Amino acid sequence: MAEGRGELPPQPPLHLSLPPASKRPCLRPAPRGPGPGPGPGFPNSRFRCPESLLDCAAKAVAEKWAFERVEERFERIPEPVQRRIVYWSFPRNEREICMYSSFQCRVAGEEGPVVATGAPAGSGAVPGGVTSTTGASGTAGTGDGLPFRRGIRLLETGCVENVLQVGFHLSGTVTEPASQSEPEVTHKVAISFDRCKITSVTCGCGNRDIFYCAHVVALSLYRIRKPEQVKLRLPISETLFQMNRDQLQKLVQYLITAHHTEVLPTAQKLADEILSSNSEINQVHGAPDPTAGASIDDDNCWHLDEEQVREQVKQFLSQGGYYGSGKQLNSMFAKVREMLRMRDSNGARMLTLITEQFMADPRLSLWRQQGTGMTDKCRQLWDELGALWVCIVLNPHCKSEEKSGWLKQLKKWGDMDICPLEDGNYGNSLARPRRTVFTRAMEACDLHWQDSHLQRIISSDYYMSPAYQREGESLLFNPQGLPLWLDHVPTACARVDALRSHGYPREALRLGVAIINTLRLQQHRQLDIYKHQKKELLQRGMTSTTNLEGWVGHPLDPIGCLFGTLTETCRVEDDSTMDTGDSGDPKPPVYHHVPVWGCPDGGESYLALALEVALMGMGQQRVMPEGLYAQDKVCRNEEQIVTKLQEMELDDLLVQTLRKQAILLLEGGPFSGLGEVIHRESVPMHTFAKYLFSALLPHDADLAYKLALRAMRLPVLESTAPSGDMGHPHHGISIVPSRYPRWFTLGHLESQQCELASTMLTAAKGDMLRLRTVLDAIQKNIHSSSLIFKLAQDAFKIATPADNPPDITLLNVALELGLQVMRMTLSTLNWRRREMVRWLVTCATEVGLRALVSILQSWYTLFTPTEATSIVAATVMSHNTILRLSLDYPQREELASCARTLALQCAMKDPQNCALSALTLCEKDHIAFETAYQIVIDAASTGMTYSQLFTIARYMEHRGYPLRAFKLASLAMTHLNLAYNQDTHPAINDVLWACALSHSLGKNELAAIIPLVVKSVHCATVLSDILRRCTMTAPGLAGIPGRRNSGKLMSTDKAPLRQLLDATISAYINTTHSRLTHISPRHYGEFIEFLSKARETFLLAQDGHIQFAQFIENLKQIYKGKKKLMMLVRERFG
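Sequence order as written defines residue numbering, which begins from 1 separately in each chain. In keeping with the predicted nature of the model, local features appear solely for residues at pLDDT of at least 70, side-chain atom pairs appear and are counted solely at 80 or more, and the whole-chain, interface and lining totals rest on all residues. Hydrogens and waters are ignored; side-chain quantities use all the structure's heavy atoms.

Draft legend 1. Quick peek at the overall build of the protein. We count a stretch as a helix when DSSP gives it H or I for four or more residues in a row; a strand needs E for two or more, and each element gets its number in order from the N terminus. When helices and strands are counted, the protein shows 45 helices and 13 strands. Here the protein holds 1134 residues, and the buried ones make up 52% of them. Of the accessible surface of the protein, which amounts to about 53,000 Å², a share of 53% is contributed by carbon and sulfur atoms. Exposure classes here rest on a 1.4 Å probe applied to the protein chains alone. A residue is buried below 20% of its type maximum, exposed above 50%, and partly exposed in between. Shrake-Rupley sampling with a 1.4 Å probe provides the accessible areas, and residues are treated as covered by the protein chains on show and by no other component.

Structure (structure tokens):
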């Protein structure tokens, strides 16, 4: 059918241009004879006929060989054979169509093809025919907007028509039904295919996306589901060879007539070239045929729009993690993994396109210049990118030239200055070599799969050592004869991930089991080592032995990889529909036990192994890595694994595994994060222990508490430095010197420690012994007052349910924690301190009278004097508290006595801030009140301010002690100094009040306070105000018993007001001179008003008018330079 090579000359487009399929020249006569119909092999009926030998052979050839090779191999190919090869060359698996038309495709219960089967790489075909998913549209609630779902709807509603297959080309029309906003539209669709792969698509809808449009999906599924309804023709060149000259001329002329506006220029040009003997077109034997399939040299891969991949990645990156772009990029990564699992070569191709756009991200150079780290979401995307490249290069069946090409490309990217580093920082560390996100992939290029032991592990479930070789130690097998794989654990797990990712799940399981057997053996050997060192290590209390490289938070995620590989085979699926990845919240997985293939005793389960390896990895003692990102990644990965563990429903077998591993972790010494001795900078186990506690509690409470209490420690916060031990490093264990790192995630770790403690407190409710043990652990290990306060609040909330009586044991724990918080924050600043104090009083009230008495009696260890009087004692003595406790009279008296004692002690210690509160609290007890008053008097001359004394004086007057109020006001006046210009001073009201009080008490008290006023107050306006008030009414209006009130107004010419008047006049004179020194013209009017007030005061004296006139004359003489001002003075005052 093809005997030469040629190029199709350019032509103007038709209404529906053909896709750029193979254009190899075809020039061989076609064999004659009728061809068979669609034939058997499709599960369209309930009863299937066995496939004919022709169909079996045609399927194999159609999948493996380019049709050109078939033509070259055989001189004559019968038409029935050609028809069957063409027939079987179209893709047969709907999953492959789904993969190219939705973000994520997973057929429930399917684990991907297995190496042992005869399914060819890349086909995904199931032996025996086509994978049909007739129920795919049944899940209309998930992914309805995706092309695959829409394509199914179009197919099932009869929108696909005029389907024709000509050779390796499929065409048809798909009608998009009318909607409210759009009319009905019919699109012409064309698909080229080769070796069961779609190689190009064209649709009239003009879709621009990385996915096939719904119309291409509909046409493809029509061909897969209804092959017998598709008209099938051999390649067009075969049909042309069957025509004579007249028929060919008629065909050409009819074609030109049907499409003359588009085809005529091209037809004339081709005719001219054919008629010219020297034209290029006549130098080539044969002519191109777009329906004849691909040539031998063409790549056999699915159609992927590279430009659209680049554009979409670029667009998502430009959004900077907003608008769900991170989710879209993760979906693209998932698409790469899906392609790898289907062994589709586009997986590596698509990842290369994605990586190119990532490296072209302009933010990389900006982050490098600024020395700032990239955002957390972006960092996670780069991590996934690096991990995917490790998978790519570890493909067990990739060719060496492919791997060399990838290594070259990875080195090119890694050598760029802007390439992100593995630890998330851009700073150059001289101590360590530069490691980029691609370094591990480059290192993985050196790994191979040729090791004979490795090959035997992954190729057989029953690979074991002979019984006679099981004595003594072996590097290849454990004592039970099961194979081991002694390798760097993350690297070994990367191999598992690569096998699983490339569609070899059975092989991945085999290698995963070998790795777990290796970890088990190492764990037991480490336990033996520790037993010999135990006494010495316990004496030191800490160890320098730890793992430098932790498995949790590792860039290759070894534990997550093993766990996912093992649980995937145990997952129970709800149905057999395709998940196209656009569903809402995913349902939690359901697992069942699957026996380990080839296990000697049959007692092993993949699900139990998954749990065991997760516990091993989480419990590994490992040093906290350096850098914010690495530390944050440890926390995030730990939480991810715990979330997966919580999805597992624990049965007896899993509980047995859990208990066994928990005991091993407790006894593991320096090799376990839950061992008795750990490194000072070991990653804390709080999150892990919280899971273990909750999981074990219903089955083994003692073990659960033992684990959780052991995990409460946080040695990096302990002040004592560890004394190092030089233990025997073994299996990746290293000696790490003590350092003082920056724990960027310390706040998060402390909150996890608090969560663990809270979980234990809740579980121990009602058990005093357990609560006491947990309380001791909290007090010993938690060093944050805020977190202890949170624990106290949590315990209080749990202990006092709304509709049940309180739990007194847990209430006491809450109180104990609250008291510790008070002691911790007593001498330090804490913005929540007042809230803490109020909460403690509330808690003590719930506990009862004895608790309140206790905190009142020991107040000095818990509160400041101000807190003790203004908050604690005041709240305790409030009416609400008395009612809440339902106290009888003796109990009320006991509480009141304690409060008064506290008040007096506080007043003695801090009279400035506590005196008034003490007086208030002691009101009802005469002796205590007198004592408090005396404390105030004694402190008045030394430490108290005038404002404090005035406040207490006003309180005394309010309580009916005017003479004591006068005494305190007099003491306050001695501390006051009011300058001439302080006419808005806050103490003015207190001075006026003190003078009014003295005036109301009588002439003697007024005479006593006026000298103090004259001495302390130098502000003329204030003095004149006091003078005016004293002359308006007669003194002694307070009506003090035993005193006689004369009822006469006081004269300013006699004592004591004469002294006040003279002082006021003097203040006016001094103030006038002070103001005139720096007066500006805009203040002249204000100054004239001031002089008017001064004249009013001067006139109160007998010779006041003479004094004021003399005063004005002096001003004119002294300040005659201020002509304008003096002119104003003359106008007003003469």
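Draft legend 2. Spotlight on the pairing of strand β6 (residues 197-203). Where burial is concerned, most of β6 is hidden: 6 out of the 7 residues are buried. Two strands pair if DSSP finds at least two bridges between them. Here 6 bridges tie strand β5 (residues 185-194) to β6, and the two strands are oriented antiparallel to one another. The partner of V189 across the bridge, within β6, is C203.

Draft legend 3. A look at the pattern of salt bridges. By definition here, a salt bridge exists when the distance from a side-chain nitrogen of Lys or Arg to a carboxyl oxygen of Asp or Glu is within 4 Å. Across all of its chains, the model carries 48 salt bridges by this definition. When the shortest N-O distance is used, the salt bridge between R770 and D767 registers 3.9 Å. Linking R884 and E846 is a salt bridge whose minimum nitrogen-to-oxygen distance equals 2.6 Å. Taken as a pair, R884 in helix α33 (residues 879-885) and E846 in helix α30 (residues 833-847) lie far apart in primary sequence, 38 residues in all. Here the salt bridges do not stand alone but share partners, grouping E422, R435, R440, E443 and E549 into one network.

Draft legend 4. Inspection of the confidence of the model for the protein at higher detail. The pLDDT score gives, residue by residue, the confidence of the prediction method on a 0 to 100 scale. On average, residues of the protein score 82 in pLDDT, and 85% of them reach the 70 mark or higher. Segment residues 1-22: pLDDT under 50, and 73 contacts once partners within four positions in sequence are set aside and those in other chains are kept. Residue contacts are counted whenever heavy atoms from the two residues lie within 4.5 Å of one another. Confidence drops under pLDDT 50 across residues 27-46; counting only partners more than four residues distant or on other chains, this segment forms 63 contacts.

Draft legend 5. Quick look at unusual backbone geometry. Backbone geometry places C196, a non-glycine residue, at a positive phi of 65°. In this fold, C196 is placed in the loop between β5 and β6. For D557, which is not glycine, the phi torsion reads 45° and is therefore positive. Summarising the element assignment, D557 is placed in the loop between β9 (545-547) and α20 (558-568).

Draft legend 6. Spatial organisation of a nonpolar patch on the surface. A patch is a set of surface residues, each over 30% in relative accessible area and not in a salt bridge, joined within 9 Å for like charges and within 5 Å for the nonpolar side chains Val, Leu, Ile, Met, Phe, Trp and Tyr. A surface patch of nonpolar side chains, amounting to about 270 Å² of accessible area, comprises I236, L240, L248 and L251. Secondary-structure elements contributing two or more residues to the nonpolar patch are α7 (236-241) and α8 (245-258). Here I236 is to be found in helix α7.

Draft legend 7. Highlighting the sheet that holds strand β4 (residues 169-176). If you walk across this open sheet you meet the 5 strands as β6-β5-β4-β3-β7, and the pairing is mixed. If you trace the sheet from one side to the other, it starts and ends with β6 and β7 (231-233), each paired once. On average, each strand axis in the sheet is inclined to that of its neighbour by 20°, with strand direction left out of account. Note: strand β3 (residues 160-166) against β7, 3 bridges, orientation parallel. Opposite Q165, over in β7, you have L232 as the bridge partner. Orientation is described by axes fitted as lines to C-alpha atoms, over the contacting stretch for helices, and by angles from 0 to 180 degrees between their N-to-C directions. Taken strand by strand, helix α5 (residues 147-156) contacts β3 and β4, and its axis lies near 85° from that of β4.

Draft legend 8. Structural detail: the environment of L1049. Along the chain, L1049 turns up in the loop between α41 (1020-1032) and α42 (1057-1077). For L1049, a relative accessible area of 55% gives the class exposed. Taking C-alpha positions, L1049 is 6.5 Å from T1031, a pair spaced 18 residues apart along the chain.

Draft legend 9. Looking closely at the environment of M824. Tracing the backbone shows M824 in helix α29 (residues 808-825). Those residues in contact with M824 that lie beyond four places of it in its chain are H783, S784, S785 and I788.

Draft legend 10. A look at the packing of helix α21 (residues 606-619) against helix α22 (residues 628-646). In contact at an axis separation of 11 Å, α21 and α22 are set at 155° when each is read in the N-to-C sense. What the angle tells us is that α21 and α22 run roughly antiparallel. As α21 packs across α22, the resulting crossing turns out to be left-handed. Mapping the contact onto sequence places L611, A614 and M618 in α21 and E638, I641, V642 and L645 in α22. The scheme is simple: roughly parallel for angles under 35 degrees, roughly antiparallel for over 145, roughly perpendicular for 65 to 115, oblique for anything else. Crossing handedness is read from the near helix: turned anticlockwise from the far helix by less than a right angle, it gives a left-handed crossing, and turned clockwise, a right-handed one.

Draft legend 11. The arrangement of the packing of helix α39 (residues 988-1001) against helix α40 (residues 1003-1016) in detail. Closest axis-to-axis distance for the α39/α40 pair is 7 Å, and the angle between their directions is 155°. On the basis of the axis angle, α39 is roughly antiparallel to α40. Only E1005, L1006, I1009 and V1013 of α40 make contact with α39, whose side of the interface consists of A994, C995, S998, H999 and L1001. Classification convention: Asp, Glu, Lys, Arg as charged; Ala, Val, Leu, Ile, Met, Phe, Trp, Tyr, Cys, Pro as nonpolar; all other residues, Gly among them, as polar. Its residues placed into classes, the contact of α39 with α40 shows 6 nonpolar, 2 polar and 1 charged.

Draft legend 12. Highlighting the packing of aromatic side chains. Only rings of Phe, Tyr and Trp enter the pairing, Trp through its six-membered ring, and a pair is recorded when the two centres are within 6.5 Å. The plane angle decides the type: under 30 degrees is stacked, over 60 is edge-to-face, the rest tilted. Summed over the entire model, instances satisfying the criterion amount to 19 aromatic pairs. When the centroid spacing of 5.0 Å and the interplanar angle of 80° are considered together, the rings of F90 and F193 count as edge-to-face. Placement of the pair is F90 in the loop between α3 (79-88) and α4 (94-99) and F193 in strand β5, with a sequence separation of 103 residues. The pair F90 / F193 is uniform in exposure class, with both members buried. An aromatic cluster is present here, built from F333, F358, W382, W389, W413 and F438 joined pairwise through their rings. Think of it as a cone above the ring: NZ of Lys or CZ of Arg counts as a charge over the ring if it is within 6 Å of the ring centre and within 35 degrees of the ring normal. Of note, R343 hangs over the ring of Y504, and the distance from its end group to the ring centre comes to 4.2 Å.

Draft legend 13. Looking closely at the pairing of β4. Among the 8 residues of β4, 7 are classified as buried, and the element is accordingly described as predominantly covered. For β3 and β4, the ladder comprises 5 bridges, and the chain directions are antiparallel. Across the sheet, V166 pairs through a bridge with H169, a residue of β4. The antiparallel hairpin formed by β3 and β4 contains 2 residues in its connecting segment, where G167 sits at a positive phi of about 60°. In this structure, β4 lies alongside β5, joined through 8 bridges in antiparallel fashion. Residue E176 lies in a different strand from β5, and its bridge partner there is V185.

Draft legend 14. Focus on the side chain of Q820. Summarising the element assignment, Q820 is placed in helix α29. Classification of Q820 as buried rests on a relative accessible area of 11%. Ignoring any residue separated from it by four or fewer positions in sequence, one finds Q820 in contact with Q779 and I788.

Draft legend 15. Fine view of the environment of V853. Its place among the elements puts V853 in helix α31 (residues 849-857). You can call V853 buried: its relative accessible area is 2%. Sequence-distant contacts of V853, that is, excluding residues within four places in its chain, are made with E894, L895 and C898.

Draft legend 16. Here's a closer look at the side chain of Q661. Along the chain, Q661 turns up in helix α23 (residues 652-666). Judged by its relative accessible area of 1%, Q661 is buried. Setting aside anything within four residues of it in sequence, one finds Q661 in contact with Q523, E612, L615 and M616.

Draft legend 17. Broad picture of helix α24 (residues 686-696). Burial runs high along α24: 9 of the 11 residues are buried. For α24, every residue scored as buried is listed here: H686, T687, F688, A689, Y691, L692, F693, A695 and L696. Elements in contact with the buried residues of α24: α21, α22, α23, α25 (701-711) and α26 (746-763).

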